[in-house]
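Summary of the model geometry
For reference, the chains in residue letters:
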Amino acid sequence: MGSESGRFKRGEQSRISQWLLRRRKPGAAEDPGREREELLLSVAAAGLPLAPAAHPAGYRCSCDRIGCPTPARHPLSFAWQTQSTTDRAQVERWARNQPQANFITATGMVHDVLDVPLEAGAAALARLLEAGIEVGPVAESGGTGDQARMLFFTATRGTPEDEDEWWPCELDCHPETMDEHPGLRWHCRGSYVLVPPAALPGDQSVTWLRGMEHPLPDPLTLLETLTDACAEYAGASPQTPAAVAWPLGR
């Protein structure tokens, strides 16, 4: 991990968490549009299918839905699953013809995403790197309260042999016990997440903490640490609900 690993010494988790959580201000890019396009192309080149998404319109969503429940966080088309592609030419056309659009990536085909509260994710990331566990791409999704999230990109587990071991990512817990994995959303087949760079209402954004140069790990290598961190976060936050609906469509 080079110089990065030197930061994650034992006893420094609190300092590292603060470093991860403080606001990141984008640098002055000579061509922000080109930089955005290159970041999107790097995601597509890694095999993650992309499709255009809504963008902020002030504090509202660019879509025509009154009171959109997920402003700037959903695909533009109901056909996003079939529309999603890794084709470089198509991604370039979308990025150039829709310069304000965010982009989603459809999960469950090449990759999954473990989506946790930002504070829990920061603590988990520090622990994982301290332990020398290979962590793949990680993104920070800004917002306030439960909207502030950390996204851990992993390889997909595909279609499991035992369907009973799986549950929808709409729930933050196992549907039978209602108390497992507090705060964790496992985006697998049928789901999506925003990919950086993405703009959110209120001058928030989705940005990379670790980019696509990091290989996608098996999600099970991260799961225990992430669920432990989420349980600690839930225990420290009495107002955090045990289960929260996560709308996927518009």
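First, a word on what this report is: a plain description of the structure on this page. Here the structure is a predicted model, which means the values were calculated and not measured.

1. With respect to the packing of aromatic side chains
Counted by the stated rule, this structure contains 3 aromatic pairs. Look at tryptophan 94 and phenylalanine 103: their rings are 6.3 Å apart centre to centre, the planes differ by 50°, and that puts the pair in the tilted class. A relative accessible area of 1% means that phenylalanine 103 is categorised as buried. Residues phenylalanine 153 and tryptophan 208 carry aromatic rings whose centres are separated by 5.2 Å and whose planes lie at 55° to one another, so their mutual orientation is tilted. One end of the pair, phenylalanine 153, is in strand E7 (residues 149–155); the other, tryptophan 208, is in strand E11 (residues 204–210), and 55 residues separate them in sequence. Each of the two residues, phenylalanine 153 as well as tryptophan 208, counts as buried.

2. Observations regarding the packing of helix H3 (residues 32–45) against helix H5 (residues 88–97)
Contact geometry for H3 and H5: axes closest at 10 Å, N-to-C directions at 150°. Judged by the inter-axis angle, H3 sits roughly antiparallel to H5. For the crossing formed where H3 meets H5, the hand is right-handed. Residue-level inspection shows Arg34, Arg36, Glu37, Leu40, Leu41 and Ala44 of H3 in contact with H5, the latter providing Arg88, Val91, Glu92, Ala95 and Arg96. Partitioning the contact of H3 with H5 into residue classes produces 5 nonpolar, no polar and 6 charged.

3. Comments concerning the pattern of salt bridges
Evaluation of the coordinates by the stated rule reveals 8 salt bridges. Where arginine 34 meets glutamate 38, a salt bridge forms, and the shortest distance between an N and an O atom there is 3.3 Å. Taken together, the residues span about one helical turn, with arginine 34 and glutamate 38 both in helix H3 at a distance of 4 residues. The class of glutamate 38 is partly exposed, set by a relative accessible area of 44%. When the shortest N-O distance is used, the salt bridge between arginine 149 and aspartate 115 registers 2.6 Å. With arginine 149 in strand E7 and aspartate 115 in strand E5 (residues 111–117), this residue pair connects regions lying 34 residues apart in the sequence. Owing to a relative accessible area of 5%, arginine 149 belongs among the buried residues under this scheme. Judged by relative accessible area, which is 2%, aspartate 115 ranks as buried. By sharing partners, the salt bridges in this structure join Arg34, Glu37, Glu38, Arg88, Glu92 and Arg96 into a single network.

4. Details of the side chain of glutamate 92
Along the chain, glutamate 92 falls in helix H5. If sequence neighbours within four positions are ignored, glutamate 92 has contacts with Glu37 and Leu41.

5. Remarks on the pairing of strand E4 (residues 102–106)
The buried fraction of E4 is high, at 5 of 5 residues. By the alternation rule, side chains of E4 split into Asn102, Ile104 and Ala106 and Phe103 and Thr105, which are all buried.

Reading guide: rules and limits
Throughout, residues of each chain are indexed from 1 in the direction in which the sequence is written. Owing to the predicted nature of the model, reporting of local features is limited to residues with pLDDT of at least 70; listing and counting of side-chain atom pairs is limited to 80 or more, with chain, interface and lining totals taken over all residues. Values reported for side chains reflect all heavy atoms of the structure, with hydrogen atoms and water molecules removed beforehand. Centre distance within 6.5 Å is the pairing criterion for rings of Phe, Tyr and Trp, where only the six-membered ring of Trp is used; planes under 30 degrees apart are then read as stacked, over 60 as edge-to-face, and the remainder as tilted. A 1.4 Å probe rolled over the protein chains alone gives each residue an accessible area, and that area as a share of the maximum for its type sets the label: buried under 20%, exposed over 50%, partly exposed in between. Helix and strand definitions follow DSSP, with helices as H or I runs of at least four residues and strands as E runs of at least two, each counted in order from the N terminus. Angles shown run from 0 to 180 degrees and are taken between the N-to-C directions of axes, each axis being a line fitted to C-alpha atoms and, for helices, limited to the stretch in contact. In what follows, roughly perpendicular refers to angles from 65 to 115 degrees, roughly parallel to angles under 35, roughly antiparallel to angles over 145, and oblique to any angle outside these ranges. Should the near helix be turned counterclockwise from the far one by less than a right angle, the crossing is left-handed, whereas a clockwise turn marks it as right-handed. Between two residues, a contact is recorded if the distance between any of their heavy atoms is within 4.5 Å. Ten residues, namely Ala, Val, Leu, Ile, Met, Phe, Trp, Tyr, Cys and Pro, are considered nonpolar, four, namely Asp, Glu, Lys and Arg, are considered charged, and the remaining ones, Gly among them, are considered polar. Any Lys or Arg side-chain nitrogen found within 4 Å of a carboxyl oxygen on Asp or Glu counts as a salt bridge.

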